[in-house]
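# Structural features, examined
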Amino acid sequence: MNRKDEHVSLAKAFHKPRLNDFDAVQIIHQSFPEIDSAQVTLETELFGRSFATPFFINAMTGGSEKSKKINQDLAEVAKACDLMMATGSVSAALKDPALSDTFQVVRQVNPEGFLLANVGAGSSVENALRAIDLFEADALQIHLNAPQELVMPEGDREFSNWLSLLEQIVKAAPVPVVVKEVGFGMTRETIQQLISVGVQTIDVAGSGGTSFTQIENARRKKREMAYLNHFGQSTVISLLEANEVQHSFTTIASGGIRDAFDIFKALCLGAKSVGISATILTMLLDKGPEETIATIQSWKEQLQLLYTMVGQTLTQDLTNVPLIFSGSVKDWCHARHIS
Ligand code: FNR
């Protein structure tokens, strides 16, 4: 099977409802919201502009006929629900232009949408610029995925140029650049390094949902590195780490988002927008675009109610909501001096 198709089927197979660190985040309830629901707006600000919805479809696929259809359906969903959307890594199309249409379909479906192209760290400046041009992307995502590469026998082994290439891409890109993990999360040290090379928007993409070490291990008979299947920091922990960074930057959260309540908690933890991959993919493949659109619309309605419940009318003010952490999140806070 094509590697991209295998990623889709394994991500779906591993996407079981399960506990993650969002369950260790408790909202402290106060009895007087003191606002009316009609006052709430879900708007959020990213890249110096306003977005109607504070969540989006994060990078997944493209590069095969099957994934072209998935990108087409995802773009329909993004358009119907007014969501920003990223494609999966476009590097396959940069190597083989015959695959370009498996990504360009998202622009055909959603000409006015805010669309992000995606390449891996280690890409040259030239390829980063070609990725943006492929479908006139409004922003570029660059993914960091060292554990995934290392679990793959054919994976990358050269990481010494990643930061300097990132610096060059940020300088050269005519659109905003988002650096993201792929489900292993980040720390304040990683974020500081990204800021030091000029990155302004960072998707911490933590564990708790899709795991690319688990997926790559499952793709081969010998699974010697299965002990890395749940490697990395959770999205909740990564957000707490991001909040420890003194310099200004914009935080995006993704990894393990299951429903509107997880989106809400990630926003309370400081994310400006929240990316969702496997939950939307699985819904799309199991139930089709119409039901997926209906569920996403209901998430928006639920968010409006959740903002009301905590007495906040603006996304940016959700960071005022008092939270309590338990279990391993609490232990992490203690060990890393997060108060
Ligand atoms: C991904 N993800 C991903 N990320 C990226 O930057 N480039 C890519 O090409 C892909 N490909 C990809 C394929 C599939 C099938 C899935 C499910 C995911 C990672 C994704 O953007 C995200 O960071 C993680 O999946 C964590 O989010 P979820 O799945 O837990 O919501």
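Calculation notes
- Residues numbered from 1 in each chain as written.
- Predicted model: local features only at pLDDT ≥ 70, side-chain atom pairs only at ≥ 80, totals over all residues.
- Heavy atoms only, no water.
- Phe/Tyr/Trp six-rings, centres within 6.5 Å; stacked < 30°, edge-to-face > 60°.
- Helix = DSSP H or I, 4+ residues; strand = E, 2+ residues; numbered from the N terminus.
- Buried < 20%, exposed > 50% of the residue type's maximum accessible area, 1.4 Å probe, protein only.
- Near = heavy atom within 4 Å.
- Polar contact = N/O pair within 3.5 Å; in protein donor to acceptor, adjacent residues only side chain to side chain.
- Areas by Shrake-Rupley, 256 points an atom, 1.4 Å probe, with all protein chains shown as cover.
- Nonpolar A, V, L, I, M, F, W, Y, C, P; charged D, E, K, R; others polar.
- Contact = heavy atoms within 4.5 Å.
- pLDDT = per-residue confidence, 0-100.

Under the defined criterion, the tally for this structure stands at 7 aromatic pairs. Both rings, one in F51 and one in F114, keep their centres 5.0 Å apart while their planes meet at 80 degrees; by these two values the pair is edge-to-face. Taken together, the positions of F51 in strand β3 (residues 49-51) and F114 in the loop between α4 (101-109) and β6 (115-120) put the pair 63 residues apart, joining distant regions of the chain. The burial state of F51 is the same as that of F114; both residues are buried.

The immediate surroundings of the ligand are formed by 21 residues, with A59, S89, N118, T210 and G256 found nearest. A distance of 2.9 Å separates a nitrogen atom of the ligand from a polar atom in the backbone of M60. Within the side chain of N118, one N or O atom sits 2.8 Å away from an oxygen atom of the ligand. Burial of the ligand by the surrounding chains reaches 96%, relative to a free accessible area of 610 Å². Breaking the shell around the ligand down by element, the ones donating at least two residues are α1 (3-14) and β5 (85-89). In terms of residue count, α1 provides more of the shell around the ligand than any other element does, 3 residues in total. The residue inventory of the shell around the ligand, partitioned by class, reads 8 nonpolar, 11 polar and 2 charged.

The next point concerns the environment of A139. Assignment of secondary structure puts A139 in strand β7 (residues 139-143). By relative accessible area, A139 is classed as buried at 0%. Note: C-alpha distance between A139 and T190 (51 residues apart in sequence) is 21 Å. Look past the residues within four positions of A139 in its chain and what remains in contact with it is F47, F114, L115, L116, A117, V175 and P176.

Looking at the protein, the pLDDT average stands at 97 and 100% of residues meet or exceed 70. Both scores are given for the predicted complex: the pTM is 0.98, the ipTM 0.99.

Bringing unusual backbone geometry into the picture now. The phi dihedral of D82 is positive, around 55 degrees, even though this residue is not glycine. In this fold, D82 is placed in the loop between α2 (65-81) and β5. The backbone phi angle of A205 is positive, close to 35 degrees, even though this residue is not glycine. Topologically, A205 is positioned in the loop between β9 (201-203) and α9 (212-218). Overall, A205 belongs to the buried group, its relative accessible area being 3%.

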